[in-house]
Amino acid sequence: MNNVDLKQLFNGLQKQMSAQLNTNREFIEHPGSKGDALENAWIEWLRKYLPNRYCVDKAIVIDHEGNTSQQMDIVIYDNWFTPFIFNQNGFYYIPAEGVYAIFEVKPDIKGKVEDKTYIEYAGEKIESVRVLKREAASFINGGVKYSPRPLTKIVGGILCSTNSFTHQNNDTITKHLKALNDLKSIDLGCIADYGSFYIDYNPNQEITIVGQDAYLEFYANRKFNKIKFSDESHSFVTFFMQLTRYLQQAIGTIPAINLNAYLKNIGEEVDEQI
């Protein structure tokens, strides 16, 4: 039997993405263009390696009352069970029920925007998605009708190229991440030339009660426990594996979307009986 060197394969994946991000950072000088290039690089990488059931785009998230999130650099959303995505002038408006994860993209983990640190700013953008109202509907599986499921978690994170804090250790980054709580809390991230990380929260059980209130209570109650950083040479691989684990094992499939909740806004409805 022939064996494949997994370490070599993982190292090749790491170098491929690192080279793409470094090229964008070094040769694109205009701040707006550089930001767009970095976002596109992360989007293309995620599209390439995530299963086809997940879509990845820049987008605004919308709920059935017409509330919207801030503009999100990266939204990972459902491609199977979400029946409509609004597309206006090439920009996507995605129903909140279809969202799996959202990410803010920055060139550096250190920095400020609007008098907020990049990490704090990312937390506020993540909150703008999580606070949107989601309403699950009943669904059919194997010919059996099931009641609406509890709402799933929405993974939030930050993706960066580098870490230029004066003291390049985990304590400074940990301090900023630990300061985020409730709907602003960050689950994981990747700093290309420094390492990936994920945060363990307590309690971290699944949401078992149906409805928005139970979902909001879950985030209000969870507290920072510990953070785990990877080695810099494994930043992309460990981030991707952790993200995949969250998507497939912690979330699974999003709840069925309540179409009538959206149609109510235009005075219409669909027949819920077959």
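None of these values were measured; they are calculated from a predicted model.

Caption draft 1: The arrangement of the overall build of the chain in detail. Counting its secondary structure elements, the chain contains 7 helices and 13 strands. Out of the 274 residues in the chain, the part that is buried amounts to 48%. Within the chain, contacts between residues at least 6 apart in sequence are counted, and of these 72% link residues at least 24 apart. A total accessible area of about 14,300 Å² is found for the chain, and carbon and sulfur atoms account for 49% of it. Mean positive and mean negative side-chain charge positions of the chain (28 and 34 charges, respectively) differ by 6 Å.

Caption draft 2: Structural context of the packing of aromatic side chains. Within the structure shown, the criterion is met by 16 aromatic pairs. Measuring from centroid to centroid gives 6.3 Å for Tyr194 and Phe229, while their planes differ by 85°, and the two rings are edge-to-face. In this pair, Tyr194 is assigned in the loop between β11 (188-191) and β12 (195-202) and Phe229 in strand β13 (residues 223-229), connecting sequence segments 35 residues apart. You can call Tyr194 buried: its relative accessible area is 12%. By the ring-pair criterion, three or more aromatic residues cluster together here, those being Trp42, Trp45, Tyr49, Phe103, Phe236, Phe239 and Phe240. For the cation-ring pair, Arg134 lies above Tyr215, with the distance from its terminal atom to the ring centre recorded as 4.6 Å. Above the ring of Tyr201, the side-chain terminus of Arg222 is found at 4.0 Å from the ring centroid.

Caption draft 3: The nonpolar core, seen in detail. Of all hydrophobic cores here, the largest spans 40 residues; its most connected members are Val75, Ile173 and Ile186. Sequence-distant contacts of Ile173, defined by excluding residues within four places in its chain, comprise Ile109, Ile119, Asn163, Phe165, Ile191, Tyr194 and Phe229. Ranked by size, the runner-up nonpolar core spans 32 residues in total, among them Val56, Ile76, Ala192 and Val237.

Caption draft 4: Quick peek at the confidence of the model for the chain. In this model, the chain carries an average pLDDT of 87, and 91% of its residues clear a pLDDT of 70 or more. Mean pLDDT values for the elements of the chain range from 70 in helix α1 (residues 6-27) up to 98 in helix α3 (residues 118-130).

Caption draft 5: The arrangement of the pairing of strand β4 (residues 91-95) in detail. With 4 bridges joining them, strand β1 (residues 54-62) and β4 adopt parallel strand pairing. From the neighbouring strand, Ile60 faces β4, where its bridge partner is Tyr93. Examined bridge by bridge, strand β3 (residues 86-88) and β4 share 3 bridges and lie antiparallel to one another. Each bridged residue has a counterpart across the sheet, and for Gln88 the counterpart in β4 is Phe91. Hairpin connection between β3 and β4: a loop of 2 residues separates the two successive antiparallel strands, and Asn89 in this loop has a positive phi of roughly 55°.

Caption draft 6: The sheet that holds β1, seen in detail. Reading across from one edge, β3-β4-β1-β2-β5-β10-β11-β12-β13 is the order of the 9 strands in this open sheet, with mixed pairing throughout. Looking at the sheet topology across the chains shown, the edges are occupied by β3 and β13. Sheet twist, expressed as the average angle between the axes of neighbouring strands with direction ignored, equals 35°. Relative to β12, β11 is paired through 4 bridges, and the arrangement is antiparallel. Bridge pairing in β12 places Gly189 opposite Phe197. The strands that helix α6 (residues 235-251) touches are β1, β2 (72-78), β5 (99-108), β10 (155-162), β11 and β12; relative to β11, the one it contacts most, it runs at about 160°.

Quick notes on the rules
Residues numbered from 1 in each chain as written. Predicted model: local features only at pLDDT ≥ 70, side-chain atom pairs only at ≥ 80, totals over all residues. Heavy atoms only, no water. Helix = DSSP H or I, 4+ residues; strand = E, 2+ residues; numbered from the N terminus. Buried < 20%, exposed > 50% of the residue type's maximum accessible area, 1.4 Å probe, protein only. Contact = heavy atoms within 4.5 Å. Areas by Shrake-Rupley, 256 points an atom, 1.4 Å probe, with all protein chains shown as cover. Lys, Arg positive; Asp, Glu negative; His and termini not counted. Charge placed at Lys NZ, Arg CZ, Asp CG, Glu CD. Phe/Tyr/Trp six-rings, centres within 6.5 Å; stacked < 30°, edge-to-face > 60°. Lys NZ or Arg CZ within 6 Å of the ring centre and 35° of its normal. Core = buried A, V, L, I, M, F, W, Y, C linked by side-chain atoms within 4.5 Å. pLDDT = per-residue confidence, 0-100. Pairing = 2+ DSSP bridges. Axes fitted to C-alpha atoms, helices over the stretch in contact; angles between N-to-C directions.

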